[in-house]
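Examining the three-dimensional arrangement
Below, each chain spelled out in residue letters.
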Amino acid sequence: MAQLRVVVLWHQHQPFYKDLVTGQYRLPWTRLHALKDYYGMVKLLEEFPNVHQTFNLVPSLITQIQDYVSGAAQDPFLLVAFCHRSAGSTNIFWKRKT
């Protein structure tokens, strides 16, 4: 039987959500997809060492991920999550920024 070779190419595009005037990200999709989807797809491949795939990450996606990793990115949903405090707790977001 002839061998069938299949190429799997994942093109991970992401609109640029950063508002260049305010510097704030308008929507959280880059952060959420990076944590949930993009990482998970690559991690899953560890279970299948004979399966090879290519992931194409566009420059706007890489730039936005780098902003989040460095702590430079802010989006309204991230700010709400970090600003929520229970009585007596410390707000780590504002502590880190000061």
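Scroll up to find the structure this text is about.
Residues numbered from 1 in each chain as written. Predicted model: local features only at pLDDT ≥ 70, side-chain atom pairs only at ≥ 80, totals over all residues. Heavy atoms only, no water.

Quick look at the nonpolar core now. Listed in full, the five residues of the largest apolar core are Tyr17, Tyr25, Tyr68, Ala73 and Leu78. Residues within four places of Tyr25 in sequence aside, it is in contact with Tyr17, Lys18, Thr63, Gln64, Asp67, Tyr68, Ala73, Gln74, Asp75 and Pro76. (Core = buried A, V, L, I, M, F, W, Y, C linked by side-chain atoms within 4.5 Å. Buried < 20%, exposed > 50% of the residue type's maximum accessible area, 1.4 Å probe, protein only. Contact = heavy atoms within 4.5 Å.)

Looking at where Asp75 falls in the secondary structure, it is placed in the loop between α2 (59-70) and α3 (76-83). A polar contact of 3.0 Å, which involves the side chain of Asp75, links it to the side chain of Arg31. Aside from chain neighbours lying at most four places away, what touches Asp75 is Gln24, Tyr25, Leu27, Pro28, Arg31 and Tyr68. (Helix = DSSP H or I, 4+ residues; strand = E, 2+ residues; numbered from the N terminus. Polar contact = N/O pair within 3.5 Å; in protein donor to acceptor, adjacent residues only side chain to side chain.)

The subject of this paragraph is the packing of aromatic side chains. By the definition in use, this model includes two aromatic pairs. Centre to centre, the rings of Phe16 and Tyr25 are 6.5 Å apart; their planes meet at 65°, and the pair counts as edge-to-face. Exposure remark for Phe16: the relative accessible area of 32% places this residue in the partly exposed category. Their ring planes at 35° and their centres at 5.3 Å tell us that Tyr25 and Tyr68 sit as a pair that is tilted. Pair noted here: Tyr25 is in the loop between β1 (9-12) and α1 (29-44) and Tyr68 is in helix α2, with a separation of 43 residues, a long-range link. For the pair Tyr25 and Tyr68, a shared accessibility class is recorded, and that class is buried. (Phe/Tyr/Trp six-rings, centres within 6.5 Å; stacked < 30°, edge-to-face > 60°.)

When the terminal C-alpha atoms of α2 are compared, their 16 Å separation across 12 residues agrees well with the 16 Å that a helix rising 1.5 Å per residue should span. Listed in full, the buried residues belonging to α2 are Leu61, Gln64, Asp67 and Tyr68. Down the axis of α2, the buried side of the element spans an arc of 125°, and every buried residue falls inside it. Exposed positions of α2 whose direction lies more than 90 degrees from the buried face are Pro59, Gln66, Val69 and Ser70. Tucked inside the fold, the buried residues of α2 contact β1, α1, β2 (54-57) and α3. Gly71 lies just past α2 and shows a positive phi near 90°. (Expected span 1.5 Å × (residues − 1). Arc of directions from axis to C-beta.)

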